[in-house]
There are 2 protein chains.
Amino acid sequence: MTRRAPSLRRTAAAASALRLRRLGIDTYQEAIAYIRSDSPVCKAEGFEARSRLELWCGERRIVATLNVVHFPLIDMDEIGLSEAAWAAFGQADGQLVQVGHAPAVESFSAVRGKIYGRPFGNEAITAIINDIAAGAYSDIELATLITACSGSRLDLAETAALTMAMVRAGQRLQWDAPVVADKHCIGGLPGNRTTLLVVPIVAACGLLIPKTSSRAITSPAGTADTMETLAPVELTAQQMHRVVEQEGGCIAWGGAVSLSPVDDLLIRVERPLGLDSDGLLVASILSKKASAGATHVLIDMPVGRTAKVRSPEAAAILAARLVEVARSLGMVLRVQMSDGAQPVGRGIGPALEAFDVLAVLQNHGGAPEDLRQRALALAAGLLELAGKASQGAGMAMASAALDSGAAWRKFQAICAAQGGMREPPRAAFTQPLCALHAGTVMAIDNRLLARTAKLAGAPKTPAAGMVFHAPLGTLVAVGQPLFTLHAGSPGELAYALAYAQAQDNLVTIGEAG
Amino acid sequence: MTRRAPSLRRTAAAASALRLRRLGIDTYQEAIAYIRSDSPVCKAEGFEARSRLELWCGERRIVATLNVVHFPLIDMDEIGLSEAAWAAFGQADGQLVQVGHAPAVESFSAVRGKIYGRPFGNEAITAIINDIAAGAYSDIELATLITACSGSRLDLAETAALTMAMVRAGQRLQWDAPVVADKHCIGGLPGNRTTLLVVPIVAACGLLIPKTSSRAITSPAGTADTMETLAPVELTAQQMHRVVEQEGGCIAWGGAVSLSPVDDLLIRVERPLGLDSDGLLVASILSKKASAGATHVLIDMPVGRTAKVRSPEAAAILAARLVEVARSLGMVLRVQMSDGAQPVGRGIGPALEAFDVLAVLQNHGGAPEDLRQRALALAAGLLELAGKASQGAGMAMASAALDSGAAWRKFQAICAAQGGMREPPRAAFTQPLCALHAGTVMAIDNRLLARTAKLAGAPKTPAAGMVFHAPLGTLVAVGQPLFTLHAGSPGELAYALAYAQAQDNLVTIGEAG
């Protein structure tokens, strides 16, 4: 009785052709399809809200989650797509497409197994990552995977396998050099824009450093956002190669070269859940570094109550795991811990941070000394790690490159090679927030400061954010500005100001001593 | 500096008023709000796709996840709502509502703690369940909670606390009787419609059995769907009380009386993940039973390769946990395991199962014997458990009630009290699927059979489904019907037939002996 009926495929196909329509709904990268509940396709296929569908058109296939539409939002013979689904499918409006039930995601059974206590094998992890890269995992399946990997549930072997699978799922850059340097900061400190200083310093000293950076995810500025106020950052792999061959370094946006794209898909679900997982964090960082072709990696790890890593104990465990997994991937890695108690430099926001960077590079008298010192320490560490300077000699080499103007010349050359240096924009509207009573600055909440800068418009408005005037220990008088908000519109300025005024712990001022 | 600015609330409120619009998008109970990306509210509040929003209008508040809309799907000053959000908010189209960031869900920190190995306390579980009931958990947060509770991660105390919190979050029925009987089947067997027989049998014997049942979730028919082809099932708590006072029993749809509503919210996310969790399953079942006011509960647990419980070992562990948690809630519970190898009776689908039930109640010669025997065994067990019959005397009492016609009269009286008995509908289109070769029926895949019946239209079309003719051991000749499909339209009939023909393991026929 079980011979395959030759008519099935045709029957199913005939019943399930729909016209494509871009609905313009941004679900934050979740692929959603919208079909009328009263359409014959829904009935014939037994589709319900949240069914996983497969759409195909010629050789092109995507998987999407169904939202059923009850009112005439779309026509009976149409299938609407969210922006993520639209981008993944890459078909034209009005195109006739086939729709059917998505095949079961086989690799998810390994996720279930992990929940029941069975460790991930290499093959299972590879299958999971490939399925995620292909868009086969729904958001609740991703949340389940992330939960199953959280806490300390990934051991060293699993973390290394996960990292490798993530590397293989994306593009991998190749460099014709024995030593390729890279750096990464485990975020949480507003204004900590050292990459724009470390890259020209170590490149000026002869290290190869093809740096890819991210845009802001939760912060008021990512390194790529700040660099973009000074030069183009959306380089192809080919353009990156040209810049690096010419100047020894670059500062490009990683998203343009598709390094470890699965990492971006996981972060999208991890972030709202706020789950800490050393295993996932290590895989996230190292998959990007390995994809970028790095051989020697320096990690800047600020530790502080309102930074990402909150205690020395957590920092030590995370650092050990980073070193071990990097070694298993053939990379040399070192972690430099730093103080994470307050913002770095003065600017918070893409352009305002760029001005700090320029002041340091140009050796201005008023350049923020903390930013300068952090950048020099990291550059020194990287020069020593990569064997360009002997142990203890890195700081002198880095300082010489900065003081002599060699780093500034290198930075200008990199900007020119990336498409031309430009002047960061300045905000049209500014307003200070002033102290209501006198005293000493005792504590600063990095998270609330970052949120205020975002409300002022950063990073969407590159000139927006704040200039911070009151680092820890500052003696302030009544009416003295604690920070100055910068915004692109009076409304955003007023809103950020009202938010800041309503916070109790943004800047804590103790009694004047 | 940190005095609360009196203008903030007003500023925020003024910036964030939007007109409400029902978009008619069914996201399967996830509350989604749709706002234009270019609206001033999005910019001022810093909203992004997947931000959690709070909407309020007078005293009414809901939380929803944001989807940002890029094209003119809605107007600049509108906020669209998914069907779930629309129902939860209960406001009119065009109503002006306030929008802001949703407050952080404090109870989720206990979920994170559980992931890191800290057991749930009573207070934490209560807070989590109350937040879920209030709609404060997003789907990925629910998936995280479910994963954190999966495998054997909930101990006895946690499971009991979870069950009690779920009971308290919904309505609770009260009965003025020392013994209130209930039964529940741990699903997976198509056609296993014993409730419609057990209730009239034990009620005819004098037991109080106010039965609430569910509609189909994944199956071709739920007990409430089948009962609805015979009598109204959407009874209020007041109507249930009247029926039960008069007849000693009822068969009502549980959804109408809001018993353990959080269970329904969890199942919605659990189901697509396919995660097995004894803890969650026990809490799901027992929260419904405790909410219904049961004191003595009999569990029917079919065990089989394609049933929900797949092995005797898994059955034993689950049964022990059910008994323990029931005891901690003051309920007496017994589990009867049964063979889960094949469908029960002949009909699969609401009306077709109702005809089987009627044949047994009316003592027809051709009534399905397996359904009759299962119902008698369960009724006997329940009579003994509830102390109506002494140990070993239940079967005689149950058989007498059925054979004498007392159960049939009781069933008719219950139907009349629920609003009037009616004739189940019959399908307009039927077609048999016939054996391609001769032999003995060796195996049956319950899941594929259920899927075929759903493709034929069950349970949405109450008359649709199939009549199954070939139980295990049947000797079949070439061309002999294995089952007959019933459908409401020729298209659905053809589609279900093509699907069935394409399956390799729906019914396995061995060589004729």
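Residues numbered from 1 in each chain as written. Chains lettered and ligands numbered in written order. Predicted model: local features only at pLDDT ≥ 70, side-chain atom pairs only at ≥ 80, totals over all residues. Heavy atoms only, no water.

- The name recorded for chain A in an unreviewed UniProt entry is Putative thymidine phosphorylase, from Janthinobacterium tructae.
- Under the UniProt heading Sequence similarities (unreviewed entry), the entry covering chain A gives this text: "Belongs to the thymidine/pyrimidine-nucleoside phosphorylase family. Type 2 subfamily." (UniProt positions renumbered as here; feature names shortened; annotations may be inferred.)

Some thoughts on helix H17 (residues 406-418) of chain B
Residues and elements named next belong to chain B.
Phase 1: Between its terminal C-alpha atoms H17 stretches 18 Å, which fits the 18 Å expected from 13 residues at 1.5 Å a residue.
Phase 2: Taken together, the buried positions of H17 are occupied by Ala407, Trp408, Lys410, Phe411, Ile414, Cys415, Ala417 and Gln418.
Phase 3: Packed against the buried residues of H17 are helix H8 (195-204), helix H9 (223-228), helix H10 (237-247), strand E10 (249-253), helix H14 (350-361) and helix H16 (394-403).
Phase 4: Positive phi appears at Gly419, one or two residues downstream of H17, with a value of about 135°. (Helix = DSSP H or I, 4+ residues; strand = E, 2+ residues; numbered from the N terminus. Expected span 1.5 Å × (residues − 1). Buried < 20%, exposed > 50% of the residue type's maximum accessible area, 1.4 Å probe, protein only. Contact = heavy atoms within 4.5 Å.)

Looking at the side chain of Ser260 of chain B
Residues and elements named next belong to chain B.
Phase 1: Its location among the elements puts Ser260 in the loop between E10 and helix H11 (261-273).
Phase 2: Separated by 2.8 Å, the side chains of Ser260 and Ser287 make a polar contact.
Phase 3: Those residues within four positions of Ser260 in sequence are excluded, and the remaining contacts are Met166, Gly170, Ser287, Lys288 and Ser291. (Polar contact = N/O pair within 3.5 Å; in protein donor to acceptor, adjacent residues only side chain to side chain.)

Some details on the pattern of salt bridges
Phase 1: Under the definition given, this model contains 42 salt bridges over all chains.
Phase 2: Glu78 of chain B is the salt-bridge partner of Arg21 of chain B, the closest N and O atoms lying 3.0 Å from each other. Taken as a pair, Arg21 of chain B in strand E1 (residues 17-22) and Glu78 of chain B in strand E6 (residues 78-81) lie far apart in primary sequence, 57 residues in all.
Phase 3: On the accessibility criterion, Glu78 of chain B (6% relative accessible area) is buried.
Phase 4: Counted as one network, the salt bridges with shared partners bring together Arg19, Arg21, Asp75, Asp77 and Glu78 of chain A. (Salt bridge = Lys/Arg side-chain N within 4 Å of Asp/Glu carboxyl O.)

Focus: the nonpolar core
Phase 1: Core analysis: the largest hydrophobic core is formed by 57 residues, its most contacted members being Ile132 of chain A together with Ile132 of chain B.
Phase 2: When residues no more than four places from it in sequence are discounted, the contact partners of Ile132 of chain A are Tyr137, Leu142, Leu145, Val262, Leu265 and Leu266 of chain A. (Core = buried A, V, L, I, M, F, W, Y, C linked by side-chain atoms within 4.5 Å.)

Comments concerning the relation of the copies chain A and chain B
Phase 1: When chain A is fitted to chain B, the residual RMSD is 0.1 Å, and the transformation amounts to a turn of 180° plus an axial shift of 0.0 Å. In symmetry terms, the pair is related by a two-fold rotation axis. Residue Ile140 of chain A, judged by its C-alpha, is the member of chain A lying nearest the rotation axis, at 2.5 Å. (Least-squares fit on C-alpha atoms with pLDDT ≥ 70 in both.)

Quick look at the packing of aromatic side chains
Residue and element names in this part refer to chain A.
Phase 1: Counted by the stated rule, this structure contains 4 aromatic pairs over all chains.
Phase 2: For the pair Phe108 and Tyr137, a centre-to-centre distance of 5.9 Å together with 70° between the ring planes defines the contact as edge-to-face. Remark: Tyr137 occurs in the loop between helix H5 (122-133) and helix H6 (139-149) and Phe108 occurs in helix H4 (residues 108-115); sequence separation between them is 29 residues. The pair Phe108 / Tyr137 is uniform in exposure class, with both members buried.
Phase 3: Positioned over the ring face of Phe355 is Arg426, at 4.0 Å from the centre of the ring.
Phase 4: The cationic tip of Arg451 hangs over the ring face of Tyr499; the distance from NZ or CZ to the ring centre is 5.8 Å. (Phe/Tyr/Trp six-rings, centres within 6.5 Å; stacked < 30°, edge-to-face > 60°. Lys NZ or Arg CZ within 6 Å of the ring centre and 35° of its normal.)

Some thoughts on the domain arrangement of chain A
Phase 1: Each domain of chain A was delimited in the assignment, giving domain 1 (14-101), domain 2 (181-418) and domain 3 (429-510).
Phase 2: Distance from the C-alpha centre of domain 1 of chain A to the C-alpha centre of domain 2 of chain A: 41 Å. (Domains from an automatic or database assignment.)

Some points on the interface of chain A and chain B
Phase 1: Contacts between the two partners involve 72 residues from chain A, matched on the other side by 73 residues from chain B.
Phase 2: Counting the contacts that link chain A with chain B gives 1 salt bridge.
Phase 3: Salt-bridge contacts for Asp139 of chain B lead to Arg50 of chain A; the nearest nitrogen and oxygen are separated by 2.3 Å.
Phase 4: Counting the contacts that link chain A with chain B gives 11 residue pairs in polar contact (both at pLDDT 80 or more).

Structural notes on the environment of Leu18 of chain A
Phase 1: One can find Leu18 of chain A in strand E1 (residues 17-22).
Phase 2: Each C-alpha atom, one on Leu18 of chain A and one on Ala290 of chain A, is 42 Å from the other, the two residues being 272 residues apart in sequence.

Examining the pairing of E1 of chain A
Residue and element names in this part refer to chain A.
Phase 1: Pairing between E1 and strand E7 (residues 96-101): 3 bridges, direction antiparallel. The residue of E7 that forms the bridge with Ala17 is Gln98.
Phase 2: Relative to strand E6 (residues 78-81), E1 runs parallel, the two being bridged by 4 bridges. Paired with Arg21 across the strands is Gly80, a residue of E6. (Pairing = 2+ DSSP bridges.)

Notes on the packing of helix H10 (residues 237-247) of chain A against helix H17 (residues 406-417) of chain A
Residues and elements named next belong to chain A.
Phase 1: In the contact formed by H10 and H17, the axes pass within 10 Å of each other and the chain directions differ by 150°. In terms of orientation, H10 lies roughly antiparallel with respect to H17. Considering the relative orientation of H10 and H17, their crossing is right-handed. Counting all contacts with H10, which are made through Arg242, Val243, Gln246 and Glu247, the residues of H17 involved are Lys410, Ala413, Ile414 and Ala417.
Phase 2: Taken together, the residues that form the contact of H10 with H17 break down as 4 nonpolar, 1 polar and 3 charged. (Axes fitted to C-alpha atoms, helices over the stretch in contact; angles between N-to-C directions. Parallel < 35°, antiparallel > 145°, perpendicular 65-115°, else oblique. Left-handed = near helix turned anticlockwise from the far one by under 90°. Nonpolar A, V, L, I, M, F, W, Y, C, P; charged D, E, K, R; others polar.)

Here we look at unusual backbone geometry
All names here are of chain A.
Phase 1: Here the residue pair Ala458 and Pro459 is connected by a cis peptide bond, since its omega of 0° sits within 30 degrees of zero.
Phase 2: In this structure, Pro459 sits in the loop between helix H18 (446-455) and strand E16 (465-468).
Phase 3: Positioned with a positive phi, Ser260 is a non-glycine residue whose angle comes to about 45°.
Phase 4: By relative accessible area, which is 0% here, Ser260 ends up buried.

Observations regarding the sheet that holds strand E14 (residues 429-434) of chain B
Residue and element names in this part refer to chain B.
Phase 1: Sheet architecture is open: 4 strands sit in the order E13-E16-E18-E14, paired in antiparallel fashion. The sheet terminates laterally at strand E13 (347-348) and E14, the two strands that pair on one side only.
Phase 2: With respect to the sheet, helix H18 (residues 446-455) is in contact with E13, strand E16 (465-468) and strand E18 (481-487), its orientation differing from that of E16 by roughly 135°.

Digging into the side chain of Thr295 of chain A
All names here are of chain A.
Phase 1: With respect to the element layout, Thr295 can be found in the loop between helix H12 (278-291) and strand E11 (296-303).
Phase 2: Taking the relative accessible area as the measure of exposure, Thr295 reaches 18% and is therefore buried.
Phase 3: A polar contact is formed between the side chain of Thr295 and the backbone nitrogen of Val180, at a distance of 2.7 Å.
Phase 4: Reaching out from Thr295, the side chain makes a polar contact with the side chain of His296 at a distance of 2.8 Å.
Phase 5: Not counting the four nearest positions on each side in its chain, Thr295 is found in contact with Pro178, Val179, Val180, Met331 and Val332.

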